[in-house]
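Listed below are the residues making up each chain.
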Amino acid sequence: MELLSGAEMVVRALRDEGVKYIYGYPGGALLHVYDAIFQQDEVEHILVRHEQAATHMADAYARATNKAGVALVTSGPGATNAVTGIATAYMDSIPMVVITGQVMSYLIGEDAFQETDMLGISRPIVKHSFSVQRPEDIPSIIKKAFHIAQSGRPGPVVVDIPKDMTTPTERYPYDYPANVKMRSYGPISRGHSGQIKKAVDMLLAAKRPVIYTGGGVIMGDASEELVKLAQELNYPVTNTLMGLGGYPGTDRQSLGMLGMHGSYEANMAMHHSDFILAVGARFDDRVTNGTDKFCPTARIAHIDIDPASISKTIDVDVPIVGPAKAVLKEMLELVAEAKTQPDAEAIANWWKQIDEWRQRHGGRFELGDKMKPQQVIEMLSKVTNGDAFVCSDVGQHQMFAAQYYKFNKPNRWINSGGLGTMGFGLPAAMGVKLNFPDADVACVTGEGSIQMNIQELSTCKQYDLPVKIINLNNQSLGMVRQWQDMNYESRHSQSYMKSLPDFIKLVESYGHVGMKVKRYEDLEGAMREAFAMKDRLVFMDIYVDPFEHVYPMQVPRGSMRDMWLNKTERT
Ligand SMILES: Cc1ncc(C[n+]2csc(CCOP(=O)(O)OP(=O)(O)O)c2C)c(N)n1
C-alpha cells in the first residue's frame, strides 16, 4: 500500500472522491496541506480573497450539481470567516465539506496562536463535524464527510485537522474506502407504502388541490417525477423560493412562488385549497405567514426526507418520510393503477377560479418614468432565453429575480433562501461559472450586497470567470427601505448609502468591463452586448426606480391570502 503523509492524504482523498476544484485560502495551520496541493495537479485550488467567498463558491457548485462542494480554510480567523458560508449552506440543506486547519493537537485549549474552537462554533450550523485525531483516519473521515453531506437531508460537514496530523515526514498506508459503514447513520431510501397510498387517495379525491414544492425537489433530483405527476393530474403547482425551477415556470400549471412575496394566485390557491401535497418544503415562516390562520380548509400530506421537518410548524394529516424522488415515483404508479380518477368538473372549476385570480393580479407592475427593476429582470430572462444560471444576492433584487425570471429547469436559481446572506451572489456566480464555463451566468445584486464580497472581482480576473453582474442600482438598501416605508412611516434609518463608488471605474481597475444604463430604451442593446462578450466579466450598473416596492407582500401574521398588492391596495 502506498505511504502518504496526512497532508497528502487530504488531497488524494479529495481526488479519489472525484473533486476537481477546491476553494480556499492558506494559513499557518494548513501549510503542509498547501504544500501537498502544490505537488500535484489533479485537484485544482481556487484562491479566493476572503474565506466567506470560498464557502459560497463551494455551496453554489453544490446547488448547481447536487454534489458536495469543498472549501479549505485555515484555523482561527480563516475558520471564523467561513462561518457565514457554512450557516448559509446549512439553512438551505446544501451539501458541502469544509476542511478547517487547526493548531497542533497538543496546543488545543491553550489559546494558541490562531486557535479557535471551530467544532464548537460551527456545531449548530453543521450536519456533522469531525476532528482528526490520528492521521491514518483521514481517508475514512473524508469519505464519511462526503457521504453524510450528500445523503439524506444534505448539509455542510466540517473536518477540523490539527496541523500535526499533516506532518510531511510521517507517512501511513493510504487506502480510500469504496463504501461507508456507519451504524449510527442510515438515511431512509423510500417512504412508507401505506402512507403513500393514503396520500394518493386524498390527492385523487381533492377538489381544490395544490402541489406545494420546495428545495427538496431540486436537491432530491425529483423534478421529472413532479412534472409527470402534476401533468398527469392537471393540478396546480406552486414553489417556494428554494423550489424555483423544480416545475417549469412558464407552464400554465405553474402558479409561481408562494409566501411573503409570492404571487397572488399562489397564495389565494393555497388559502382556499382542500388538499395540499407538500413535497420537499418545510412550511417556513416566509411561506406560511400566521400559522394559526394557515390554509384553514386544507388537509395536508407532506413528503420530506427529514422527519424533523414534518409537523414542525404546521400539523399535517399524512406524514411521509422519504426521498421526494422515490416517493413521487411510487405515487405515479399508484395514480396510474387507480380505479378512481380526479373529479374533472371540480378540477375545471378550480382552474376557472385560479385563472380569475391570475387575471386580477397576475404578476403585474406599474410602469413609470423611471426604469423598473422588474423590467430589468424580464429583459434578463428574454436576453438569456430563460436558460441562464441566475445567482442572486439578498434584498429586493432577489425577490424581483425570483418573481420575474422564468426558470424552466431545476438547479438554475442559486440564492440564499434560509439565511438570506448578502454577499452570496458574486462568489456563487463564480462557483457556477468555473464549473459551467459555457453557460450564461448572471449575478443579480444591489449596491449593498455586492459590496460585501466585491474583492472577489480580483479572483474573477485570476481565474478568468466572465460572469455578468446585474446591479439593480436603487442607491439604497432597498429591502430595508421598503420595510421602513411600510412600517416606520418612511423613517429611512441607515438605509441610504452615501458615497457609493463609481462601479464602472472600480470594475475597470480589476480588469473588467463596466456599463452604466440609465434609460430603459438602452437596456436590451446593452444587455445583449454584455452577454455577447463571452470572455469578459461585465458589470452592468443599472439605475432603477429607487422607490419601487416588492409586491405582493403578505400582511404580517395574517393568513396566506392577506396581501398588499401595491402601495395602496390590500386584499
Ligand atoms: C449579511 C447581511 N446583513 C444584513 C442583512 C439584512 N438585509 C436584508 S436585505 C438588505 C438590503 C439589501 O440591499 P441591496 O443589496 O442594495 O439590495 P436591494 O434591496 O436594494 O435590492 C439588508 C441590509 C442581510 N440579509 N445580510
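Scroll up for the structure.
Residues numbered from 1 in each chain as written. Predicted model: local features only at pLDDT ≥ 70, side-chain atom pairs only at ≥ 80, totals over all residues. Heavy atoms only, no water.

Trainee: Help me understand the site of the ligand, please; the structure alone is not making it clear to me.
Mentor: The full set close to the ligand counts 17 residues, and Gln396, His397, Gly420, Ser449 and Gly478 are the nearest of them. Met479 places a polar main-chain atom, nitrogen or oxygen, 2.9 Å from an oxygen atom of the ligand. Protein chains shield 75% of the accessible area of the ligand, which is 590 Å² for the free molecule. For the shell around the ligand, the secondary-structure elements that each account for two or more residues are α16 (396-404), α18 (447-450) and α20 (478-487). Tallied by class, the residues present in the shell around the ligand amount to six nonpolar, 10 polar and one charged. (Near = heavy atom within 4 Å. Polar contact = N/O pair within 3.5 Å; in protein donor to acceptor, adjacent residues only side chain to side chain. Areas by Shrake-Rupley, 256 points an atom, 1.4 Å probe, with all protein chains shown as cover. Helix = DSSP H or I, 4+ residues; strand = E, 2+ residues; numbered from the N terminus. Nonpolar A, V, L, I, M, F, W, Y, C, P; charged D, E, K, R; others polar.)

Trainee: What exactly am I supposed to notice about the environment of Leu477 here?
Mentor: Mapping Leu477 onto the fold places it in the loop between β18 (468-473) and α20. When the C-alpha positions of Leu477 and His492 are compared, they lie 9.7 Å apart, and in sequence the two are 15 residues distant. The contacts of Leu477, once residues within four sequence positions are left out, are Met422, Gly448, Gln494, Ser495 and Met497. (Contact = heavy atoms within 4.5 Å.)

Trainee: Just checking my understanding: could you explain helix α15 (residues 373-383) for this structure?
Mentor: For an α-helix the count is 3.6 residues per turn, leaving residues at separations of three or four pointing the same way. Most of α15 is tucked away: nine of the 11 residues are buried. Inspection of α15 places Pro373, Gln374, Gln375, Val376, Ile377, Met379, Leu380, Ser381 and Val383 among the buried residues, and these make up the whole buried set. Its buried side turned inward, α15 meets α16, β17 (441-445), β18, α22 (520-532) and β20 (538-543). Backbone geometry just after α15 places Asn385 at a positive phi near 55 degrees. (Buried < 20%, exposed > 50% of the residue type's maximum accessible area, 1.4 Å probe, protein only.)

Trainee: Would you take a moment to explain the packing of α15 against α16 for this structure?
Mentor: Interaxial distance between α15 and α16 falls to 9 Å at its minimum, and their mutual angle equals 50 degrees. Relative to α16, the element α15 lies oblique. By crossing handedness, the relation of α15 to α16 is classed as right-handed. Judged by residue contacts, Pro373, Gln374, Ile377, Glu378 and Ser381 of α15 engage Phe400, Ala401 and Tyr404 from α16. Broken down by class, the residue content of the contact of α15 with α16 amounts to five nonpolar, two polar and one charged. (Axes fitted to C-alpha atoms, helices over the stretch in contact; angles between N-to-C directions. Parallel < 35°, antiparallel > 145°, perpendicular 65-115°, else oblique. Left-handed = near helix turned anticlockwise from the far one by under 90°.)

Trainee: Please clarify how the packing of aromatic side chains should be interpreted in this entry.
Mentor: Two aromatic rings are characterised by how far apart their centres lie and by the angle between their planes. Per the counting criterion, the structure on display carries eight aromatic pairs. Measuring from centroid to centroid gives 5.9 Å for Phe283 and Phe294, while their planes differ by 80 degrees, and the two rings are edge-to-face. Residue Phe283 is found in the loop between β12 (275-279) and α12 (285-288), and its partner Phe294 is found in the loop between α12 and β13 (299-304); the two are separated by 11 residues along the sequence. The two residues Phe283 and Phe294 agree in class, both being buried. Here Tyr405 and Phe407 contribute two aromatic rings whose centre-to-centre distance is 4.7 Å and whose plane-to-plane angle is 40 degrees, an arrangement assigned as tilted. Residue classification places Tyr405 among the buried residues on the basis of a relative accessible area of 1%. Residue classification places Phe407 among the buried positions, given a relative accessible area of 3%. Following the ring pairs from residue to residue traces out a cluster consisting of Tyr212, Phe283 and Phe294. One cation-aromatic arrangement involves Arg12 over Tyr174; the distance from NZ or CZ to the ring centre is 5.8 Å. (Phe/Tyr/Trp six-rings, centres within 6.5 Å; stacked < 30°, edge-to-face > 60°. Lys NZ or Arg CZ within 6 Å of the ring centre and 35° of its normal.)

Trainee: Any chance you could explain the environment of Lys293 here in plain terms?
Mentor: Inspection of the secondary structure puts Lys293 in the loop between α12 and β13. Taking the C-alpha atoms as reference, Lys293 lies 9.7 Å from Arg561; in sequence the two are 268 residues apart. Residue contacts for Lys293: discarding those within four places in its chain leaves His271, Arg557, Gly558 and Ser559. From its side chain, Lys293 meets the backbone oxygen of Arg557 in a polar contact 2.9 Å long.

Trainee: Would you explain a nonpolar patch on the surface in this entry?
Mentor: The grouping of Tyr90, Met91 and Leu419 at the surface amounts to a nonpolar patch, some 230 Å² of accessible area in total. Along the chain, Tyr90 falls in helix α5 (residues 83-91). Under the relative-accessibility criterion, Tyr90 is labelled partly exposed at 34%. (Patch = residues over 30% accessible without salt bridge, like charges linked within 9 Å, V, L, I, M, F, W, Y side chains within 5 Å. Salt bridge = Lys/Arg side-chain N within 4 Å of Asp/Glu carboxyl O.)

Trainee: Even after reading the chapter, I still don't get the packing of helix α1 (residues 6-16) against helix α2 (residues 31-38), so can you show me in this structure?
Mentor: Between two packed helices, the angle of one axis relative to the other and the distance separating the axes together describe the packing. It is the contact of α1 with α2, at a shortest axis distance of 8 Å, that shows an interaxial angle of 55 degrees. The angle between α1 and α2 places the two elements in the oblique class. Between α1 and α2 lies a crossing of right-handed hand. Contacts between α1 and α2 involve Ala7, Glu8, Val10 and Val11 on the former and, on the latter, His32, Val33, Ala36 and Ile37.

Trainee: Just to check I follow, could you spell out the sheet that holds β13 for this structure?
Mentor: Strand pairing in a sheet is mediated by backbone hydrogen bonds. Such pairs are either parallel or antiparallel. Taken in spatial order, the six strands of this open sheet run β11-β10-β9-β12-β13-β14, and their pairing is parallel. Both outer strands of the open sheet, β11 (254-257) and β14 (318-321), are each paired with one neighbouring strand and no more. Averaged over neighbouring strand pairs, the angle between their axes works out to 15 degrees when direction is ignored. The strands touched by helix α8 (residues 193-205) are β12, β13 and β14; relative to β14, the strand with the most contacts, the crossing angle is about 130 degrees. (Pairing = 2+ DSSP bridges.)

Trainee: Is there a simple way to think about α20 in this case?
Mentor: Listing the buried residues of α20 in full gives Gly478, Met479, Arg481, Gln482 and Gln484. Buried residues along α20 sit in contact with α16 and β21 (553-554). One or two residues past the end of α20 sits Glu489, with phi positive at roughly 45 degrees.

Trainee: Could you clarify how one ought to interpret the environment of Gln102 in this entry?
Mentor: Mapped onto the elements of the fold, Gln102 is located in strand β5 (residues 96-102). The exposure class assigned to Gln102 is buried, which follows from its relative accessible area of 4%. Residues Gln102 and Asp117, 15 residues apart in the sequence, show an inter-C-alpha distance of 8.7 Å. With near-sequence residues (within four places) excluded, Gln102 lies in contact with Ala29, Ser75, Ile108, Glu115, Thr116, Met118, Asp160, Ile161, Pro162 and Lys163. Separated by 3.1 Å, the side chain of Gln102 and the backbone oxygen of Thr116 make a polar contact.

Trainee: Looking at this model, I keep getting lost on the sheet that holds β18. Mind explaining?
Mentor: Ordered by their spatial adjacency, six strands build an open sheet running β16-β15-β17-β18-β20-β19, and the pairing between neighbours is parallel. The sheet terminates laterally at β16 (413-414) and β19 (513-517), the two strands that pair on one side only. When β19 meets β20, the two strands line up parallel, connected through five bridges. Across the sheet, Val517 pairs through a bridge with Ile542, a residue of β20.

Trainee: I tried to follow the pattern of salt bridges on my own but got confused; where do I start?
Mentor: Opposite charge on two side chains allows them to pair when their charged atoms are near. All chains considered together, the criterion is met by 30 salt bridges. Arg286 is the salt-bridge partner of Asp285, the closest N and O atoms lying 3.6 Å from each other. Owing to a relative accessible area of 43%, Arg286 belongs among the partly exposed residues under this scheme. Here the salt bridges do not stand alone but share partners, grouping Arg15, Asp16 and Glu42 into one network.

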